[in-house]
Amino acid sequence: MNVWEFQRKLEELDSGIVVHPHSIVSYIIPPNANTHKMLAHFKQELVQAKKIKSSSNRISIIDSLQRVEAYLKNCGISQVNGVALYYTPHYRNVKTGMDGPLELCLEPPFKIKTTAYKCSNKVWTEPLWEQARACQGQLLYAIIDASEVIFALMSPHGEQILHKHTNNAPSKHGRGGQSAARFERLRTEKITHYIKNCFDQLTTLLTHHRDVEVVLGGAGQVKETFLNMLTKHNRSKVKHTVTLGKSGEAGLYEAIEKTKHVLKTIGSDENTRMIDAVFEHLQRGEAW
């Protein structure tokens with residue numbers, strides 16, 4: 001699940017879940033949270049819940065707290081990004097008309113930063129929205145061919161070129177003779193080393209920019225070879241691939257142009273405004 005898909009899930013929760021007159025327990029937990037402290041906190045909440053005068057609300061809250069407590073004991077916390085838990089014994093989906101108990105466990109595509117707990121008559125998603133919005137609009141363009149690579153981060157604040165590198169492998173030549181095979185072998189070795197360096201650089205960038213989506217662009221076989229080299233986790237971040245006729249910064253803007261319609265269909269208004277601003281500068285012949 002990427003950031004945009006996660007946001008759509010939050011929208012479904014915000015607009016489609018009705019729990020009134022009952023209550024829902026919302027518990028947002030970071031990956032490094034102390035399970036023992038949280039269980040102790042739930043014991044205190046259970047003591048307070050037993051003092052609620054309304055019998056239906058008291059039963060609803062106690063049941064929800066006990067279910068969250070059982071989840072923490074049996075499943076623990078995701079050590080990757082953390083988890084958001086939502087429990088209530090009764091809810092109604094306003095879109096489908098279905099009702100029943102809600103037991104929802106969400107793992108976001110980013111690391112939850114702080115613990116947040118709330119018991120109210122609606123789903124509490126604000127802390128998740130804040131982090132999701134902070135991630136929104138981050139796209140890493142990787143433009144690679146046999147001669148040059150460029151990595152650029154595109155955000156609502158503009159374009160930032162993170163890394164550029166040129167391949168120093170010689171071009172093919174048509175001369176034959178005894179040196180032809182040796183020349184081609186050395187050329188292939190340099191290209192392989194160049195692609196390996198590009199792979200290492202992208203891996204480093206994705207380590208520092210964990211929540212970005214990748215657009216991979218380039219010409220022919222080099223792009224496909226590069227894609228196949230990526231780990232399964234990093235390959236899952238490649239949202240779109242484009243075949244380009246240009247390289248370097250010219251290839252970057254060609255890739256932006258070819259993915260403009262894709263970005264708009266994702267539903268990010270910030271991305272749309274950012275891309276429109278880039279092309280406005282290009283049409284004027286100005287540097288971004």
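Residues numbered from 1 in each chain as written. Predicted model: local features only at pLDDT ≥ 70, side-chain atom pairs only at ≥ 80, totals over all residues. Heavy atoms only, no water.

(A) Layout of the packing of aromatic side chains. Evaluated as defined, the whole model comprises four aromatic pairs. Ring centres of Tyr 27 and Tyr 117 lie 5.5 Å apart, and the angle between their planes is 80°; this geometry places the pair in the edge-to-face category. With Tyr 27 in strand S2 (residues 24–29) and Tyr 117 in strand S5 (residues 116–120), the pair connects residues that are 90 residues apart, well separated along the chain. Judged by its relative accessible area of 3%, Tyr 27 falls in the buried class. With centroids separated by 6.0 Å and ring planes inclined at 80°, the aromatic side chains of Phe 42 and Tyr 117 adopt a geometry described as edge-to-face. One end of the pair, Phe 42, is in helix H2 (residues 35–49); the other, Tyr 117, is in strand S5, and 75 residues separate them in sequence. (Phe/Tyr/Trp six-rings, centres within 6.5 Å; stacked < 30°, edge-to-face > 60°. Helix = DSSP H or I, 4+ residues; strand = E, 2+ residues; numbered from the N terminus. Buried < 20%, exposed > 50% of the residue type's maximum accessible area, 1.4 Å probe, protein only.)

(B) Spatial organisation of the pairing of S2. Along S2, six of the six residues are buried, which leaves the element largely enclosed by surrounding structure. Side chains Ile 24, Ser 26 and Ile 28 project from S2 onto one buried face, and the interleaved Val 25, Tyr 27 and Ile 29 project onto a second face that is buried too. With five bridges joining them, S2 and S5 adopt antiparallel strand pairing. Pairing of Val 25 across the sheet is with Cys 119, part of S5. In this structure, S2 lies alongside strand S3 (residues 83–93), joined through five bridges in antiparallel fashion. Paired with Val 25 across the two strands is Tyr 87, which belongs to S3. (Pairing = 2+ DSSP bridges.)

(C) Molecular detail of helix H5 (residues 179–208). For H5, built from 30 residues, the straight-helix expectation of 44 Å at 1.5 Å per residue is met to within 8% by its first-to-last C-alpha distance of 44 Å. Along H5, the residues that are buried comprise Arg 187, Ile 191, Tyr 194, Ile 195, Cys 198, Phe 199, Leu 202, Leu 205 and Leu 206. (Expected span 1.5 Å × (residues − 1).)

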